[in-house]
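# Observations on chain architecture
In case you want the letters, here they are:
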Amino acid sequence: MKTLFINACIRKESRTLKIAKVVLQNVGGDVEEVCLEKENLRPLNEKSLKERDLLIARQELNNDFFKYAQYFAEADTIIIATPYYDLSFSALLKDYIENINVVGITFGYDEKGNPYSLCKAQKLIYITTSGGKIVSDEFGYGYIKSLCDNFYGIKDVQYIKVECLDMDGMNPQEVINGVIANLK
Ligand SMILES: Cc1cc2nc3c(=O)[nH]c(=O)nc-3n(C[C@H](O)[C@H](O)[C@H](O)COP(=O)(O)O)c2cc1C
């Protein structure tokens with residue numbers, strides 16, 4: 001079983017990452033980690049968009065340009081870990097999503113214009129931690145859930161969130177230890 005770990009955590013001491021490591025142990029499988037901080041992914045720009053369009057037009061979908069999309073499409077289980085940033089997730093994750101949403105690899109369109117999945121995964125786990133309250137799930141988890149529903153065809157989407165870690169009087173270490181103990 002292929003487990004894809006999309007690590008969008010940024011800080012070395014990331015609390016989100018600590019939780020994700022336990023979830024990864026529980027899920028098991030052959031883990032392939034994509035550490036976005038190290039991958040140097042760029043948002044699409046005019047040059048890369050042209051390159052991508054040309055490769056798609058030629059149906060050169062095995063090109064290294066699409067390696068992230070290919071990993072994603074082939075994974076059985078996907079785990080995403082990201083801090084909650086600006087009511088959403090880290091920009092690294094958005095760059096990654098731009099790179100994997102490739103027609104013909106992760107999804108396609110039917111003749112009516114409806115997207116259908118080309119992904120193998122049946123399960124995705126989304127993990128996030130926040131400094132305050134997650135005021136709405138809509139722009140972080142909700143967005144990923146919508147991609148799972150509409151593009152990737154992933155039915156089992158789980159959400160692990162730990163909130164208020166930066167609030168006065170909070171002991172984040174204790175909270176994280178409690179979450180980890182419950183997961184074990
Ligand atoms: C750039 C930035 C944006 C953030 N935006 C929010 C936010 O909108 N709401 C919130 O509750 N916390 C926010 N935080 C706090 C983080 O969500 C919180 O510290 C989180 O636990 C960090 O995760 P980590 O320990 O995995 O790095 C932000 C922190 C940073 C650095």
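See the structure shown above.
In this report, the structure presented in the accompanying data block is examined. (Residues numbered from 1 in each chain as written. Predicted model: local features only at pLDDT ≥ 70, side-chain atom pairs only at ≥ 80, totals over all residues. Heavy atoms only, no water.)

Moving on: the overall build of the protein. Each helix and strand counted, the protein has 7 helices and 7 strands in total. Tracing the protein from N to C terminus, the helices and strands come up as β-α-β-α-α-α-β-α-β-β-β-α-β-α. Taking 184 residues into account, the globule formula puts the C-alpha radius of gyration at 16 Å, and the protein, at 17 Å, falls close to it. Projected onto its principal axes, the C-alpha coordinates of the protein cover approximately 55 × 35 × 30 Å. Expressed as a percentage of its 184 residues, the buried residues of the protein come to 45%. Put simply, 79% of the contacts in the protein that link residues at least 6 apart link residues at least 24 apart. As displayed, the protein has an accessible area near 9900 Å², and 49% of this comes from carbon and sulfur atoms. If you average the places of the 22 positive and of the 26 negative side-chain charges in the protein, the two averages end up 2 Å apart. (Helix = DSSP H or I, 4+ residues; strand = E, 2+ residues; numbered from the N terminus. Rg over C-alpha atoms; globule rule 2.2 N^0.38 Å. Buried < 20%, exposed > 50% of the residue type's maximum accessible area, 1.4 Å probe, protein only. Contact = heavy atoms within 4.5 Å. Areas by Shrake-Rupley, 256 points an atom, 1.4 Å probe, with all protein chains shown as cover. Lys, Arg positive; Asp, Glu negative; His and termini not counted. Charge placed at Lys NZ, Arg CZ, Asp CG, Glu CD.)

Let's shift gears to the packing of aromatic side chains. The relation between two aromatic rings is expressed through the spacing of the ring centres and the mutual angle of the planes. Going through the model one piece at a time under the given rule, you end up with 10 aromatic pairs. Taking 4.7 Å as the distance between ring centres and 55° as the angle between the ring planes, the aromatic pair formed by Phe72 and Tyr152 counts as tilted. Of this pair, Phe72 sits in helix 4 (residues 67-74) while Tyr152 sits in helix 6 (residues 141-152), and the two are 80 residues apart along the sequence. Residues Phe72 and Tyr152 agree in their burial class; the two are buried. Grouped by ring-pair contacts, the aromatic residues Tyr68, Phe72, Tyr96 and Tyr152 constitute a single cluster. (Phe/Tyr/Trp six-rings, centres within 6.5 Å; stacked < 30°, edge-to-face > 60°.)

Taken together, 15 residues lie near the ligand, and Ser14, Thr16, Tyr84, Gly132 and Asp166 sit nearest. In this structure, an oxygen atom belonging to the ligand sits 2.5 Å away from a side-chain N or O atom of Thr16. Burial of the ligand by the surrounding chains reaches 73%, relative to a free accessible area of 640 Å². Of the residues assigned to the shell around the ligand, the class counts are 4 nonpolar, 6 polar and 5 charged. (Near = heavy atom within 4 Å. Polar contact = N/O pair within 3.5 Å; in protein donor to acceptor, adjacent residues only side chain to side chain. Nonpolar A, V, L, I, M, F, W, Y, C, P; charged D, E, K, R; others polar.)

In a regular helix each residue adds 1.5 Å, so 12 residues correspond to 16 Å; helix 7 (residues 172-183) covers 17 Å between its end C-alpha atoms and thus fits that length. If you check which residues of helix 7 are buried, you get Ile176, Val179 and Ile180. All buried residues of helix 7 project into a common sector of 100° when viewed along the axis, lining one side. Along helix 7, the residues that are exposed and aim more than 90 degrees away from the buried face are Glu174, Ala181 and Asn182. On its buried face, helix 7 is in contact with helix 1 (15-27) and strand 7 (156-162). (Expected span 1.5 Å × (residues − 1). Arc of directions from axis to C-beta.)

Turning to the pairing of strand 3 (residues 77-83), a few remarks are in order. The side chains of a regular strand alternate, residue by residue, between the two faces of the sheet. The buried fraction of strand 3 is high, at 7 of 7 residues. Burial along strand 3 is two-sided: the face carrying Thr77, Ile79, Ala81 and Pro83 and the face carrying Ile78, Ile80 and Thr82 are both buried. Bridge count between strand 1 (residues 2-7) and strand 3: 5 bridges; the pairing is parallel. Within the sheet, the bridge partner assigned to Asn7 lies in strand 3 and is Ala81. Examined bridge by bridge, strand 3 and strand 6 (residues 123-129) share 7 bridges and lie parallel to one another. Following the sheet pairing, Pro83 is matched in strand 6 by Thr129. (Pairing = 2+ DSSP bridges.)

Let's shift gears to the sheet that holds strand 1. Reading across from one edge, 2-1-3-6-7 is the order of the 5 strands in this open sheet, with parallel pairing throughout. Across the chains shown, the open sheet's two edge strands, defined by having one partner strand only, are strand 2 (30-35) and strand 7. Averaged over all pairs of adjacent strands, the angle between strand axes in this sheet comes to 15°, irrespective of strand direction. The strands touched by helix 6 within the sheet are strand 3, strand 6 and strand 7, with strand 7 carrying the most contacts at an inclination of about 170°. (Axes fitted to C-alpha atoms, helices over the stretch in contact; angles between N-to-C directions.)

This part covers helix 6. Considered for burial, the residues of helix 6 that qualify are Tyr141, Ile144, Leu147, Cys148, Phe151 and Tyr152. The buried residues of helix 6 occupy one face: seen down the axis, they fall within an arc of 135°.

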